[in-house]
Amino acid sequence: MQQLTISFIGGGNMAEALIAGLRNAGHEGAKIWVSEPQQARRDFLMQTYAVKVSADNAEVAKAADVLVLAVKPQQMKPALNGLSAELKADVTVVSIAAGISSSVLHEWLGDRVSIVRVMPNTPALVGAGMSALYSDADELHKQRAEYVLKACGESVRVERESQMHAVTALSGSGPAYFFLMAEIMKATGVKLGLSEELASQLAAQTALGAGKMLTESDRTAEQLRHQVTSPGGTTQAALDEMYEMGLPAAVRKGVIAASKRSEELAG
Ligand SMILES: NC(=O)C1=CN([C@@H]2O[C@H](COP(=O)(O)OP(=O)(O)OC[C@H]3O[C@@H](n4cnc5c(N)ncnc54)[C@H](O)[C@@H]3O)[C@@H](O)[C@H]2O)C=CC1
Ligand SMILES: O=C(O)[C@@H]1CCC=N1
């Protein structure tokens, strides 16, 4: 079957994660186009993933069956300037930008385009992405977006566009919360006398193992935590201190701040 041409406006971190997923899933490099103003970034993407690159958004948009908008929210309006007239009639526009609503995208691209809003995350780079999508466009367009997302991990649909703020706060930004935890664990391991290399390995493999248990076991996070926590033992000592220092409140407030920021970006 003929593969769709998937074009990216913006070739930054998140575009790269999706491109890596698509290439690993067997999507041809010649059927992936990326427009990106930075020459060094274009060269890197072309050399690493054998994709087509350009500095011209219109050229890339024109070729697209699926057009992925992968610039920062603040960069979106200028990036889309003049693109509307270039698009194929049945193009699927997939926006991964935090905050920007479908109605704002329709204002910038016109009413006739089919828009799918998606919130992916960077673990897409290693095939372990978590994406959520919202769209009121036809099923075909949702399925095209899912084709991209499922090449990079799991994908779910949400029923209301307003839920995208919470999705962004959980899975979009979420990898950073776990990375911060790994950073702190590693640094503390070093303070306690481990080498950098060993402390990194212990933190990373523990994160992987905990993640696999969360996704593969039929137990809840709370049940899995109880399994590790022997009464009066080391884990209990750690968790008591973390609660005492306000870790749950800090995480709760952080997630809410991310959701609020997503609402602010929506304008
Ligand atoms: N990084 C992440 O974990 C996630 C990011 N997102 C969303 O993905 C989008 C991109 O984020 P990142 O990849 O992190 O940003 P990034 O800054 O790494 O990538 C943006 C790229 O767009 C390019 N660019 C700037 N102006 C442009 C223009 N006018 N035309 C074409 N390209 C242009 C930049 O040179 C840059 O390479 C954002 O809207 C963000 O909300 C969504 C989910 C997760
Ligand atoms: O930090 C951000 O705004 C983007 C959206 C979700 C993850 N990164």
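Predicted model only: the values in this text are computed from it and were never measured.

## Some details on the UniProt feature "domain: Pyrroline-5-carboxylate reductase dimerisation" (unreviewed entry) in the chain
Right, so step 1: According to UniProt, the positions carrying the feature "domain: Pyrroline-5-carboxylate reductase dimerisation" (unreviewed entry) are residues 161-265.
Right, so step 2: The straight-line gap between the two end C-alpha atoms of residues 161-265 is 14 Å; of that span, 82% is helix and 0% is strand.

## Side note on the nonpolar core
Right, so step 1: Core analysis: the largest hydrophobic core is formed by 28 residues, its most contacted members being Phe8, Leu18, Ile19, Val68, Val94 and Ile96.
Right, so step 2: Every element with two or more residues in this core is listed here: strand E1 (6-9), helix H1 (13-24), strand E2 (32-35), helix H2 (39-49), strand E4 (66-69), strand E6 (114-119) and helix H6 (139-150).
Right, so step 3: The dominant element in this core, judged by the number of residues it contributes, is H1, at seven residues.
Right, so step 4: Once residues within four sequence positions are removed from consideration, Val68 is found in contact with Ile6, Ser7, Phe8, Ile9, Leu18, Val94 and Ile96.
Right, so step 5: In this structure, Ala63, Met76, Ile100 and Val104 belong to the second largest nonpolar core, which totals 23 residues.

## A word on the site of ligand 2
Right, so step 1: Close contacts around ligand 2 come from Ala98, Gly172 and Ser173, and that covers them all.
Right, so step 2: Contact with the protein chains hides 47% of the accessible area of ligand 2, taken as 250 Å² for the molecule alone.

## Describing the side chain of His141
Right, so step 1: For His141, the position within the fold is in helix H6.
Right, so step 2: Here Thr92 takes part through its side chain, which lies 2.6 Å from a polar atom of the side chain of His141.
Right, so step 3: The contacts of His141, once residues within four sequence positions are left out, are Asp90, Val91, Thr92, Ser114 and Val116.

## A word on the environment of Leu149
Right, so step 1: Along the chain, the position of Leu149 falls in helix H6.
Right, so step 2: The sequence separation of Leu149 and Leu133 amounts to 16 residues, and the corresponding C-alpha distance is 9.4 Å.
Right, so step 3: When near neighbours in sequence (up to four residues on either side) are disregarded, Leu149 contacts Leu18, Val118, Ser131, Leu133 and Ser155.

Calculation criteria
- Residues numbered from 1 in each chain as written.
- Chains lettered and ligands numbered in written order.
- Predicted model: local features only at pLDDT ≥ 70, side-chain atom pairs only at ≥ 80, totals over all residues.
- Heavy atoms only, no water.
- UniProt positions renumbered as here; feature names shortened; annotations may be inferred.
- Helix = DSSP H or I, 4+ residues; strand = E, 2+ residues; numbered from the N terminus.
- Core = buried A, V, L, I, M, F, W, Y, C linked by side-chain atoms within 4.5 Å.
- Buried < 20%, exposed > 50% of the residue type's maximum accessible area, 1.4 Å probe, protein only.
- Contact = heavy atoms within 4.5 Å.
- Near = heavy atom within 4 Å.
- Areas by Shrake-Rupley, 256 points an atom, 1.4 Å probe, with all protein chains shown as cover.
- Polar contact = N/O pair within 3.5 Å; in protein donor to acceptor, adjacent residues only side chain to side chain.

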